[in-house]
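Inside the fold
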Amino acid sequence: MEHYTMNLTLKVWRQANKNVVGRFETYSVTDISSEMSFLEMFDVLNERLIQEGKEPIAFDHDCREGICGMCSMYIDGRPHGPWHGTTTCQLHMRAFKDGDTITVEPWRANAFPVLKDLIVDRTAFDRIIQSGGYVSVNTGVSVDGNAIPIEKEKADKAFAAAACIGCGACVAACKNSSALLFVSAKVSHLSLLPQGGPERKTRALAMVAQMDKEGFGSCTNTGACEAVCPKEISITNIARLNSEYLKAGLSADLSPTS
Ligand code: SF4
Ligand code: FES
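Residues numbered from 1 in each chain as written. Chains lettered and ligands numbered in written order. Predicted model: local features only at pLDDT ≥ 70, side-chain atom pairs only at ≥ 80, totals over all residues. Heavy atoms only, no water.

Here we look at the sheet that holds strand β4 (residues 78-79)
Strand pairing within a sheet occurs via backbone hydrogen bonds; the two strands may be parallel or antiparallel. Quick reminder of the rule: Strand pairing is defined by DSSP finding a minimum of two bridges between the two strands. Put simply, DSSP H or I for four residues or longer makes a helix, DSSP E for two residues or longer makes a strand, and each gets a number counted from the N terminus. Residues are treated as being in contact if the distance between any of their heavy atoms lies within 4.5 Å. Orientation is described by lines fitted to C-alpha atoms, with helices fitted over the stretch in contact, and by angles between N-to-C directions that extend from 0 to 180 degrees.
Taken in spatial order, the 5 strands make up an open sheet running β2-β1-β5-β3-β4, and their pairing is mixed. What marks the edges here is a single partner per strand, and that holds for β2 (23-33) and β4. Taken together, the 2 bridges between strand β3 (residues 74-75) and β4 define a ladder with antiparallel strand orientation. In the strand pairing of β4, Ile75 is matched with Arg78. On the sheet, helix α1 (residues 38-51) packs against β1 (5-14), β2, β3 and β5 (101-105) and is oriented at approximately 105° with respect to β2.

In structure tokens, the structure reads:
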């Protein structure tokens, strides 16, 4: 596709912290290349704001390669913008055309309070992982991959679930602010592999309990999460989590120590 430049109007959410009321500010950006990423376009705007002695727009980013899950933003009413299966950092300006007005907001969920402008606090996800998203095995020296036989189908499903980057788009898109797609991806990737076996009976219970404690809502199967996930995590993982949760709950009830 031909490279082209464009002039755009941005409506960006500005909010000093979670305790104050935020508002949209309107900015014009000019000579934006269609080859720039969305974040590079923000870099251009921020350089200009700094030169003008104004506060730059705070936004999260790290890898800019679709790996870290930091670049959380709602772009024109969709988490990570208009391209399917793409993070904000990998969204290119050719997704837009000259003269467009683009509205950019932070994730909106009680469990993700706004820290500043477009940055939200996603540490609730870290606490869910800490509650059970790990394997307590002494890994020692890494073993030959072929030494642990795993069916191809299971390995593929585990790998697909492990692709979740913890960005939070699923929560942002859900009308209930449910985190179930994220939790189900983490539970699935461990429960499908033999290394995840030792904690299997407690993992789903602990992670769902922490999810509820953090204030995420319930899942009502609308599928909005799957539709916006930049890593195309399937909602079939939610069915697997439900199964893991049920089995863990029955097992806990039958335990002599429960
Ligand atoms: S499931 Fe998808 S949308 Fe949700 S945190 Fe993981 S990568 Fe992001
Ligand atoms: S900045 Fe790392 S996924 Fe976008």
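Text resumes after the structure shown.
Here we look at the site of ligand 1
Definition in use: Nearness of a residue to a molecule or strand requires only that one of the residue's heavy atoms be within 4 Å of it. Each residue gets one of three labels, nonpolar for Ala, Val, Leu, Ile, Met, Phe, Trp, Tyr, Cys and Pro, charged for Asp, Glu, Lys and Arg, and polar for the others, Gly among them.
The local shell around ligand 1 holds 13 residues, among which Cys164, Cys167, Gly168, Cys170 and Cys229 are the closest. Mapped onto the shell around ligand 1, the elements with two or more residues apiece are α4 (169-173) and α5 (180-191). Per-class residue counts for the shell around ligand 1 are 11 nonpolar, 2 polar and no charged.

Notes on the packing of helix α3 (residues 152-162) against α5
Geometry of a packed helix pair, given as the angle between the helix axes and the separation of the axes. Condition: Each crossing gets its handedness from the near helix: less than a right angle anticlockwise from the far helix is left-handed, clockwise is right-handed.
Where α3 contacts α5, the two axes come as close as 8 Å, and the packing angle between them is 145°. Crossing angle aside, the handedness with which α3 passes α5 is left-handed. Taken together, the residues of α5 that come into contact with α3 (itself represented by Ala158, Ala161 and Ala162) are Ala185, Ser188 and His189. Among the residues making up the contact of α3 with α5, the classes are represented as 4 nonpolar, 2 polar and no charged.

Details of the environment of Glu47
Among the structural elements, Glu47 can be located in helix α1. As for Glu47 and Ile57, which are separated by 10 residues in sequence, their C-alpha atoms are 10.0 Å apart.

Brief notes about the nonpolar core
Quick note on the threshold: Residues belong to a common nonpolar core when they are buried Ala, Val, Leu, Ile, Met, Phe, Trp, Tyr or Cys residues joined through side-chain atoms within 4.5 Å. With a 1.4 Å probe rolled over the protein chains alone, any residue whose accessible area is under 20% of its type maximum counts as buried; one over 50% counts as exposed, and the rest are partly exposed. Each domain's limits were defined by an automated method or a database of domain assignments.
If you look at the biggest cluster of nonpolar residues, it comprises 36 residues, and the most contacted ones within it are Phe112, Phe125, Ile128, Val171, Val183, Met211 and Phe216. Among the secondary structure elements, those contributing two or more residues to this core are α2 (123-132), α4, α5, α6 (200-213), α7 (224-228) and α8 (236-254). Among the elements that take part in this core, α5 stands out by supplying 6 residues, more than any other. Both domains that meet at this core, namely domain 1 (5-115) and domain 2 (123-254), each give it at least three residues. Excluding its chain neighbours within four sequence positions, the residues that come into contact with Val171 are Ala109, Phe112, Phe125, Ser177, Ser178, Ala179 and Phe216. Leu10, Ile32, Leu39 and Cys71 belong to the second largest nonpolar core, which has 27 residues in total.

Looking at the side chain of Glu199
By the element assignment, Glu199 lies in the loop between α5 and α6. Not counting residues within four places of it along the chain, the set of residues in contact with Glu199 comprises Tyr134, Val135 and Ser136.

A word on the domain arrangement of the protein chain
To keep things clear, this is the line we draw: By buried area we mean how much accessible surface two parts lose on assembly, using a 1.4 Å probe and totalling the loss over both. One speaks of a salt bridge when a side-chain nitrogen belonging to Lys or Arg is within 4 Å of a carboxyl oxygen belonging to Asp or Glu. Definition of a polar contact: a pair of N or O atoms within 3.5 Å, with one able to donate and the other able to accept a hydrogen when the atoms are protein atoms, and with sequence-neighbouring residues admitted only if both atoms are side-chain atoms.
In terms of domain boundaries, the protein chain breaks down into domain 1 (5-115) and domain 2 (123-254). Placing the centre of domain 1 and that of domain 2 at their C-alpha centroids yields a distance of 29 Å. Taken residue by residue, the interface counts 18 residues in domain 1 and 20 residues in domain 2. Summed over both partners, the interface of domain 1 with domain 2 comes to about 1400 Å²; 60% of that surface belongs to carbon and sulfur atoms. Counting the contacts that link domain 1 with domain 2 gives 0 salt bridges. Where domain 1 touches domain 2, the interface holds 5 residue pairs in polar contact (both at pLDDT 80 or more). Across the side of domain 1 that touches domain 2, the residue classes tally to 8 nonpolar, 8 polar and 2 charged.

A few points about the packing of α2 against α5
Heads up, the rule is: Orientation categories follow fixed angle ranges, with anything under 35 degrees roughly parallel, anything over 145 roughly antiparallel, 65 to 115 roughly perpendicular, and all other angles oblique.
Running from N to C, α2 and α5 cross one another at 30°; their axes reach a closest spacing of 11 Å. Classed by the angle they form, the pair α2 and α5 counts as roughly parallel. Where α2 crosses over α5, the two elements pack in a sense that is right-handed. Where α2 approaches α5, its residues Phe125, Ile128, Ile129 and Gly132 are matched on the opposing element by Phe182, Val183, Lys186 and Leu190. Among the residues forming the contact of α2 with α5, the class breakdown is 6 nonpolar, 1 polar and 1 charged.

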